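Inside the fold
For reference, the chains in residue letters:
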Protein chains: 2
Amino acid sequence: MEDKLLVLGLLMSSEMHGYQINEMIEMHLGTGIQLKKSLIYKLLGKMADDGWLTFTEEKAGKRPTRRVYAITARGKEAFQQLLLDSLADYRPVDLLGHVAEGYLDMLPPELSLPRLEQRRQKLVALLQETLDLGTHPGSQQFVIGHQIHHLKSELTWLDGVIKTVKES
Amino acid sequence: MEDKLLVLGLLMSSEMHGYQINEMIEMHLGTGIQLKKSLIYKLLGKMADDGWLTFTEEKAGKRPTRRVYAITARGKEAFQQLLLDSLADYRPVDLLGHVAEGYLDMLPPELSLPRLEQRRQKLVALLQETLDLGTHPGSQQFVIGHQIHHLKSELTWLDGVIKTVKES
DNA sequence: TGCAATATAGTCACATATGACTATACATAC
DNA sequence: GTATGTATAGTCATATGTGACTATATTGCA
């Protein structure tokens, strides 16, 4: 559902072809927004079938022809509705990637601490990357801001975990 | 990868059949850990094929026969390795469910605010539910703790968003 | 007693998502 | 001048994940 919302939202501001939409998502939204190229193309196809989008084939030079999609009136209605529904909803994010913490007591600190330090470095790098993104023009400030808030909260938590392991 | 880690971890403390594992995950890990029944069965099959698990068929009363899985030596090695790898890694969580925030300026506050309030209520309910879970015996304290930390951070963020919209 | 709901245990068809791939153009270095 | 990388544009086979379903037993309760 939010995948459609995202694509429709981008098309609200201007017509685009799949490749461009993918660029937008990769460039201006952080690593927290995960919507892969191949999915984007499927979504575009589906939404065109449903009458939310129209497209024109475009041949620029000798590059592969591309489909430039534009949002229709029906698409704009759908966008509104998706937006309202999405705002009213709250689904928990998947933290499956963090189950390892639950098994920390199965490892001696000498083994786990260096790993946790590596983990911390990756988190810090990700945070820095996202902070940088936020300063670029064209970035979606709200979305990036949320990611930064989240990552800082994650860093706080991780430092707590490391402290606990050190003290054990 | 973390899905295997989770299942192996549960089997480290005792033998179990698929249904039991599913119960564990649904009862003792919060809503943040999403690993559905059908996936669990597939994982068990795969890991048995790979020699990480063995199983015995068990017939209790007239209920469907069930496979009781136990972790092997190879499985324990794999668990160690997965645990170390997982600890050393940090992959961003998917915040696609939050793209709607990026389009808030496309709605008048009269429309968006009630929706944001609904969202807040769901978040608060989820937080309460997770807090309750944490007090039950058998819950994985670290994992639940992380979820609580995350959800509180989310609430802070959401309140900031609501404030911003009110002031606009 | 009867029947609706829930617990037990798992399968399967289908939906969704991803990496690897195709193909062309252009720039850069060697 | 030719190999190497990367930007453009998108497809497709395969991997992954999910809801809906089967089938039986037990419990609650009207």
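The written sequence of each chain sets the order in which its residues are numbered from 1. Throughout, the order in which chains and ligands are written sets their labels, letters from A for the former and numbers from 1 for the latter. The predicted nature of this model means local features are confined to residues of pLDDT at least 70 and side-chain atom pairs, given and counted, to a pLDDT of 80 or more, with totals for whole chains, interfaces and linings taken over all residues. Hydrogens are left out, water is left out, and the side-chain values use all remaining heavy atoms of the structure.

Description of the domain arrangement of chain A
Frequently, the measure chosen for interface size is the accessible area removed from exposure when the parts meet. Residues and elements named next belong to chain A. An automatic or database domain assignment supplies the residue ranges for each domain. If you check the domain split of chain A, you get domain 1 (2-88) and domain 2 (96-167). For domain 1 versus domain 2, the separation of C-alpha centres amounts to 31 Å. Contacts between the two partners involve eight residues from domain 1 and, on the opposite side, ten residues from domain 2. Put simply, buried area is how much 1.4 Å-probe accessible surface two parts lose in total, over both of them, once they are put together. Interface of domain 1 and domain 2: buried area, both sides summed, is about 650 Å²; carbon and sulfur atoms make up 59% of it. Salt-bridge detection follows one rule: a side-chain nitrogen of Lys or Arg within 4 Å of a carboxyl oxygen of Asp or Glu. At the surface where domain 1 touches domain 2, the tally comes to zero salt bridges. Polar contact is defined as a pair of N or O atoms within 3.5 Å, subject to the rule that within protein one atom must be able to donate a hydrogen and the other to accept it, and that residues adjacent in sequence are counted only when both atoms are side-chain atoms. Counting across the interface, domain 1 meets domain 2 through two residue pairs in polar contact (both at pLDDT 80 or more). Across the side of domain 1 that touches domain 2, the residue classes tally to four nonpolar, four polar and no charged. Any two residues whose heavy atoms approach within 4.5 Å are treated as being in contact. Lys, Arg, Asp and Glu make up the charged group, whereas Ala, Val, Leu, Ile, Met, Phe, Trp, Tyr, Cys and Pro make up the nonpolar group; the residues left over, Gly among them, are polar.

What to know about the interface of chain B and chain A
On the side of chain A, 60 residues touch chain B, which itself brings 60 residues to the contact. Interface area for chain B against chain A, summed over the two sides, is near 6,300 Å², with a carbon-plus-sulfur share of 69%. Remark: the boundary between chain B and chain A carries two salt bridges. The residue Lys122 of chain A makes a salt bridge to Asp89 of chain B at a minimum N-O spacing of 3.3 Å. Counting every contact that joins chain B to chain A gives 25 residue pairs in polar contact (both at pLDDT 80 or more). Strands here mean DSSP runs of E at least two residues long; helices mean DSSP runs of H or I at least four residues long; both are numbered from the N terminus. In terms of residues, the side of chain B that touches chain A owes the most to one element, helix H6 (residues 141-167) of chain B, which gives 14 residues.

Focus: helix H3 (residues 37-49) of chain A
Since the α-helix turns once every 3.6 residues, residues separated by three or four places project in the same direction. Residues and elements named next belong to chain A. Multiplying 1.5 Å by the residue count of a helix minus one yields the expected span of that helix. An ideal rise of 1.5 Å per residue puts 18 Å on 13 residues; H3 measures up with 19 Å between its terminal C-alpha atoms. Throughout, exposure labels follow a simple rule: accessible area from a 1.4 Å probe, protein chains only, divided by the maximum for the residue type, with under 20% read as buried, over 50% as exposed, and the rest as partly exposed. Regarding H3, the residues found buried are Ile40, Leu43, Leu44, Met47 and Ala48. Viewed end-on, H3 has its buried residues packed into an arc of 130°, placing them on one side of the element. Those residues of H3 that are exposed and aimed more than 90 degrees away from the buried face are Ser38, Lys42 and Asp49. Remark: Gly51 follows H3 within two positions and exhibits a positive phi of approximately 80°. Regarding the arc, it is the one traced by the directions from the helix axis to the C-beta atoms.

Quick notes on the packing of helix H5 (residues 109-135) of chain A against helix H4 (residues 73-88) of chain B
It is the contact of H5 of chain A with H4 of chain B, at a shortest axis distance of 6 Å, that shows an interaxial angle of 35°. Seen from H5 of chain A, the contacting residues are Leu111, Ser112, Arg115, Leu116, Gln118, Arg119 and Lys122 of chain A; seen from H4 of chain B, they are Gln80, Leu84, Asp85, Ser86, Leu87 and Ala88 of chain B. The residue makeup of the contact of H5 of chain A with H4 of chain B, split by class, is five nonpolar, four polar and four charged. Note on definitions: angles span 0 to 180 degrees between N-to-C directions of axes, and those axes are lines fitted to C-alpha atoms, for helices only across the stretch in contact.

Looking at the packing of helix H1 (residues 2-13) of chain B against helix H2 (residues 18-28) of chain B
Residue and element names in this part refer to chain B. The N-to-C vectors of H1 and H2 enclose an angle of 105°; their axes lie 11 Å apart at closest approach. Between H1 and H2, the angle falls in the class roughly perpendicular. Residues Leu6, Val7, Leu10 and Leu11 of H1 touch H2, and the partners they reach there are Ile21, Met24 and Ile25. Each residue belonging to the contact of H1 with H2 can be placed in one class, and the counts come to seven nonpolar, no polar and no charged. Relative orientations are named as follows: roughly parallel for angles under 35 degrees, roughly antiparallel for angles over 145 degrees, roughly perpendicular for angles from 65 to 115 degrees, and oblique for any other angle.

Digging into the sheet that holds strand S3 (residues 66-71) of chain B
All names here are of chain B. Whether two strands pair depends on DSSP finding at least two bridges between them. Spatially, the three strands line up as an open sheet ordered S1-S3-S2, and their pairing is antiparallel. A single partner strand is all that each edge strand has here, and the edge strands are strand S1 (16-17) and strand S2 (53-58). Bridge analysis of S2 against S3 gives six bridges, and the strand direction is antiparallel. Bridge pairing links Thr56 to Val68 in S3. Across the sheet, helix H3 (residues 37-49) lies against S2 and S3, angled at about 120° from S2, the strand it touches most.

A word on the environment of Glu57 of chain A
Residue and element names in this part refer to chain A. Within the secondary structure, Glu57 sits in strand S2 (residues 53-58). Distance in space between the C-alpha atoms of Glu57 and Met12 is 19 Å, their sequence separation being 45 residues. Beyond its immediate sequence surroundings of up to four residues, Glu57 is in contact with Thr65, Arg66 and Arg67. At 3.0 Å, the side chain of Glu57 forms a polar contact with the side chain of Arg67.

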